[in-house]
Amino acid sequence: MQYDAVFVWSNNNFSNATTLGNNLASYVDSGGGVVTAVFTDATVPLSGRFNTDDYWCINPSGQQSGARTMGTVYDATHPIMEGVNTFSGGSSSWRPTTTAVNPLATRIADWTDGVPLIAIRTIDGVHRRADLGFFPPS
């Protein structure tokens with residue numbers, strides 16, 4: 001494996017969401033980390049095994065926007081929060097519409113409106129995943 005992790009987000013439909021989803025699920029199975037962000041964990045989700053075998057931390061839902069900042073932090077000591085003291089998504093702050101995370105995931109931080117900002121999960125007790133509830137270019 002050449003990379004420890006990959007970061008996947010979208011602004012439009014994937015060319016082949018099924019093949020990408022199958023490949024990313026296999027990547028996780030082989031020990032690679034996968035981080036997704038809006039709109040991939042909102043309205044432009046992956047398909048294939050990533051979806052059918054449930055690799056999500058934040059289950060895909062709709063999306064919403066409007067200025068928001070980081071709200072509740074549930075685990076400030078988690079490595080994903082290292083150096084993060086504040087977070088603003090700007091005037092749009094694109095984020096999922098759901099306020100829930102996958103039942104097998106752990107919520108790390110929320111937006112001020114209770115929408116998940118960061119959630120993590122371990123697949124099969126070994127493979128780590130993270131979903132970010134924001135659009136990275138924001």
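Before going into details, it helps to say that this report is about the structure given with it. (Residues numbered from 1 in each chain as written. Predicted model: local features only at pLDDT ≥ 70, side-chain atom pairs only at ≥ 80, totals over all residues. Heavy atoms only, no water.)

What to know about the environment of Asp41
Mapped onto the fold, Asp41 is located in the loop between β2 (33–37) and α2 (48–52). You can call Asp41 buried: its relative accessible area is 0%. (Helix = DSSP H or I, 4+ residues; strand = E, 2+ residues; numbered from the N terminus. Buried < 20%, exposed > 50% of the residue type's maximum accessible area, 1.4 Å probe, protein only.)

What to know about the packing of aromatic side chains
Going through the model one piece at a time under the given rule, you end up with 7 aromatic pairs. Ring centres of Phe50 and Tyr55 lie 5.5 Å apart, and the angle between their planes is 25°; this geometry places the pair in the stacked category. Through successive ring pairs, a cluster of aromatic residues spans Phe39, Trp94 and Phe135. The ring of Trp111 carries Arg95 above its face, with NZ or CZ at 6.0 Å from the centroid. (Phe/Tyr/Trp six-rings, centres within 6.5 Å; stacked < 30°, edge-to-face > 60°. Lys NZ or Arg CZ within 6 Å of the ring centre and 35° of its normal.)

A look at unusual backbone geometry
Following Val38, the chain continues into Phe39 via a peptide bond in cis, with omega recorded as 15°. Structurally, Phe39 can be placed in the loop between β2 and α2. At Asp54, a position not held by glycine, the phi torsion is positive, near 60°. You can see Asp54 is positioned in the loop between α2 and β3 (63–64).

Considering the pairing of strand β8 (residues 127–132)
On a regular strand, one side chain projects to one face of the sheet and the next to the other, so that they alternate. Judged by how many residues are buried, β8 sits mostly within the fold: 5 of 6 residues are covered. In terms of strand pairing, β2 meets β8 through 4 bridges, oriented parallel. Paired with Ala37 across the two strands is Leu132, which belongs to β8. The pairing of strand β7 (residues 116–123) with β8 spans 6 bridges and is antiparallel. Within β8, the residue paired with Ile123 across the bridge is His127. Linking two consecutive strands that pair antiparallel, namely β7 and β8, is a turn of 3 residues; a positive phi of about 55° is found at Asp124 within it. (Pairing = 2+ DSSP bridges.)

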